Amino acid sequence: MKTDNQNFKMVAKTFFGFEDILAEELRNLGAGNVEKGVRNVSFEGDKGFMYKANLCLRTAVKVLKPIAEFRVMNENDLYRRVQRMNLREFMNVNTTFAINATVTGDLFTHSQYVAFKTKDAIVDKFRKEENVRPNVDTKHPDIRLNVHIQNNWCTVSLDSSGASLHHRGYRTATNIAPINEALAAGLIMLSGWHGQSDFLDPMCGSGTMCIEAAMIACNVPANLNRKEFAFEKWDDWDVDLYELIEAAQLKHIRDFRYKITGYDKAPSAIAKAKENIKNAQLEDFITVKEQNFFETQKEGNDFLQMVFNPPYGERLPVEMEEFYKQIGDTLKTGYPGSHAWLITSNMESLKHVGLRPSRKIKCFNGSLESRLVKYEMYEGSKKGKYQED
């Protein structure tokens, strides 16, 4: 693998609807040639920037380094083109590897078959030339390859991240339906939160939303607590460069003078949240309480930002219509001077909130098409608010 520090193209993968904020994150970090795709953003940077992107990006789930692009018309084409690649730039017969594939379009329909065919091409090339085959290791490979085929265009990339970047490293305890950390960060960023007010997650579960809000407010690198990245096993891994970049990012951490609070009525959820907050070393910034949101009201008169992920009725047994009506009633009566953002895939139940959302953003929670909706609660009436302006 090349050890120079010249710029090269990379692709950061993300969730549908997060492309704009990921592009903004990349520009703020100093990426060049930032271009949005669907569920991904391409950019340019050097090896050090690849390390920084993995360490700092909040809304990315992978950072890929493309190493080959070519047209394919069928699986035999794919096999031949992979064999033509200069595989020795990044592996040898002793290198363990894993492959994951994604396919879109009508030409290729089975991603597993594409991964299998790519594996065969690599193994057969080494066996033919050296009479020895490299081994596949799906759990802890030396390199991970990503094969992406869109219609008849194939891109083969090195996966610099390894396990999805939403595995931040702080979450050892989860509740029944935990929200993905990168998804939580993206929702909070879409809500416009930068740490400029008090923050509440009224149904905090294992604390993910509160932790991500605190990391954004304090500008803590998203993956600071992560155990490892895939690039640490590459031949050109530069530990000194990585530590230099990490130290530079730590200097950008800032203090936060507002309160971040999480409520949950389940004692087990609060215990898990406390454990995760401790793992993230954010106990100074987050308070979680065993409390039923429907029995609470806003503390103090200052503006409050709320972002939460209520039950959808998919995995947690809830009487949805009544539940969403209670959300609306509690916001109306108990939380004047607040902006409440919630994500749900249950569009029908949303109608029972009884408030008109001022924004609706389409996004996905896993495979569930969802909406991130914003409700604005004014001090006094809305009419009065406009008369004051």
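Note that the structure is predicted; figures quoted are calculated from it, not measured. (Residues numbered from 1 in each chain as written. Predicted model: local features only at pLDDT ≥ 70, side-chain atom pairs only at ≥ 80, totals over all residues. Heavy atoms only, no water.)

Peer 1: Which residues make up the overall build of the chain, and what are the values?
Peer 2: Broken down by element type, the chain carries 11 helices and 14 strands. Its C-alpha atoms give the chain a radius of gyration of 23 Å, within 12% of the compact-globule value 21 Å for 389 residues. Taking the principal axes of its C-alpha atoms as reference, the chain extends roughly 75 × 45 × 40 Å. (Helix = DSSP H or I, 4+ residues; strand = E, 2+ residues; numbered from the N terminus. Rg over C-alpha atoms; globule rule 2.2 N^0.38 Å.)

Peer 1: I'd like a rundown of helix H1 (residues 19-29), residues and numbers included.
Peer 2: All of the buried residues in H1 are Glu19, Ile21, Leu22, Ala23, Glu25, Leu26 and Leu29. Structurally, H1 contributes buried residues whose contacts are with strand S1 (8-13), strand S2 (32-36), strand S3 (40-45), helix H2 (47-56), helix H5 (181-190) and helix H7 (239-250). (Buried < 20%, exposed > 50% of the residue type's maximum accessible area, 1.4 Å probe, protein only. Contact = heavy atoms within 4.5 Å.)

Peer 1: Can you break down the nonpolar core residue by residue, with the values?
Peer 2: The biggest cluster of nonpolar side chains holds 55 residues, and the ones touching the most others in it are Leu26, Phe43, Leu57, Phe70, Ile122 and Ile149. Residue contacts for isoleucine 149: discarding those within four places in its chain leaves Val72, Leu78, Thr102, Val103, Thr104, Phe108, Val114 and Cys154. Counting residues in each nonpolar core, the second largest holds 41 residues, with Ile21, Ala214, Ile216 and Ile260 among its members. (Core = buried A, V, L, I, M, F, W, Y, C linked by side-chain atoms within 4.5 Å.)

Peer 1: Report on the pattern of salt bridges, specifying residues and quantitative values.
Peer 2: Overall, the coordinates contain 18 salt bridges when judged by the stated rule. Ionic pairing is found between lysine 36 and aspartate 20, a salt bridge with its closest N-O pair at 2.5 Å. Note that lysine 36 is positioned in strand S2 and aspartate 20 in helix H1, a separation of 16 residues in sequence. Lysine 36 gets classed as partly exposed once you look at its relative accessible area, which sits at 48%. Here aspartate 329 ties to lysine 325 by a salt bridge, and the two come within 2.8 Å at their closest N and O atoms. Of this pair, aspartate 329 and lysine 325 both sit in helix H9 (residues 320-334), 4 residues apart, which is roughly one turn of the helix. Overall, the relative accessible area of 29% leaves aspartate 329 in the partly exposed class. Given the relative accessible area of 40%, lysine 325 is considered partly exposed. Salt bridges here are not isolated pairs; linked through shared partners, they connect Arg88, Lys125, Glu129 and Glu130. (Salt bridge = Lys/Arg side-chain N within 4 Å of Asp/Glu carboxyl O.)

Peer 1: Quick one: what's the story with unusual backbone geometry, residue by residue and with numbers?
Peer 2: Its identity as a non-glycine residue notwithstanding, asparagine 33 has a phi of 45°, on the positive side. Turning to its location among the elements, asparagine 33 is positioned in strand S2. A positive phi angle, close to 65°, is found at arginine 39, a residue other than glycine. When you line up the elements, arginine 39 lands in the loop between S2 and S3.

Peer 1: Lay out the environment of glycine 37 in plain terms, naming residues and giving numbers.
Peer 2: Of note, glycine 37 is situated in the loop between S2 and S3. When the C-alpha atoms of glycine 37 and lysine 9 are compared, they prove to be 14 Å apart, with 28 residues separating the residues in sequence.

Peer 1: Please provide a residue-by-residue account of the packing of aromatic side chains, values included.
Peer 2: A full pass over the atoms with the stated rule returns 20 aromatic pairs. Here the guanidinium or amino end of arginine 39 rests over the ring plane of phenylalanine 364, the centre of that ring lying 5.7 Å away. The aromatic ring of phenylalanine 8 is capped on one face by lysine 65, whose charged end is 4.3 Å from the ring centroid. (Phe/Tyr/Trp six-rings, centres within 6.5 Å; stacked < 30°, edge-to-face > 60°. Lys NZ or Arg CZ within 6 Å of the ring centre and 35° of its normal.)

Peer 1: An account of the pairing of strand S5 (residues 97-104) is requested, with residue identities and associated values reported.
Peer 2: For S5 and strand S6 (residues 143-150), the ladder comprises 8 bridges, and the chain directions are parallel. Within S6, the position partnered with alanine 101 by the bridge is valine 147. (Pairing = 2+ DSSP bridges.)

Peer 1: Can you tell me about the state of the cysteines, naming the residues and giving the values?
Peer 2: The tally for this structure, following the rule as stated, stands at 0 disulfides. The structure places no disulfide on cysteine 204, whose sulfur is separated from the nearest cysteine sulfur, that of cysteine 210, by 5.3 Å. (Disulfide = S-S within 2.5 Å.)

Peer 1: Let's hear about the sheet that holds strand S14 (residues 368-377): which residues, and what values?
Peer 2: Taken together, 7 strands build an open sheet; the order of strands is S10-S9-S8-S11-S12-S14-S13 and the sheet is mixed. Either end of the sheet is taken by a strand with one partner, and the two such strands are strand S10 (286-290) and strand S13 (359-365). Neighbour-to-neighbour, the strand axes of this sheet turn through a mean angle of 20°, independent of strand direction. Relative to S10, strand S9 (residues 260-264) is paired through 5 bridges, and the arrangement is parallel. Residue pairing for S10: isoleucine 260 is matched across the bridge by isoleucine 286. Sheet strands in contact with H5 are strand S8 (198-201), strand S11 (304-308), strand S12 (338-344), S13 and S14, and its direction is about 170° off that of S13. (Axes fitted to C-alpha atoms, helices over the stretch in contact; angles between N-to-C directions.)

Peer 1: Outline the packing of H2 against H7, listing residues and values.
Peer 2: Across the interface, H2 lies against H7 with an axial gap of 10 Å and an inter-helix angle of 50°. Comparing the axis directions of H2 and H7 gives the class oblique. Of the two possible hands of crossing, H2 and H7 adopt the one that is right-handed. For the pair formed by H2 and H7, the contact residues are Lys47, Gly48, Tyr51, Lys52, Leu55 and Cys56 on the first element and Leu241, Tyr242, Ile245, Glu246 and Gln249 on the second. Looking at side-chain class alone, the contact of H2 with H7 contains 6 nonpolar, 2 polar and 3 charged residues. (Parallel < 35°, antiparallel > 145°, perpendicular 65-115°, else oblique. Left-handed = near helix turned anticlockwise from the far one by under 90°. Nonpolar A, V, L, I, M, F, W, Y, C, P; charged D, E, K, R; others polar.)

Peer 1: For the sheet that holds S6, give the residues involved together with the corresponding values.
Peer 2: In a beta sheet, neighbouring strands pair by backbone hydrogen bonds and run either parallel or antiparallel. Read from one edge to the other, the open sheet built from 7 strands follows the order S2-S3-S1-S4-S7-S6-S5, with strand pairing classed as mixed. The two strands at the open ends of the sheet, each matched to only one other strand, are S2 and S5. Taking the axes of each pair of neighbouring strands and ignoring which way they run, one obtains an average angle of 30° across the sheet. Relative to the sheet, helix H4 (residues 111-130) contacts S5 and S6, its axis offset from that of S5 by approximately 140°.

Any link to function would need more than the numbers given here.
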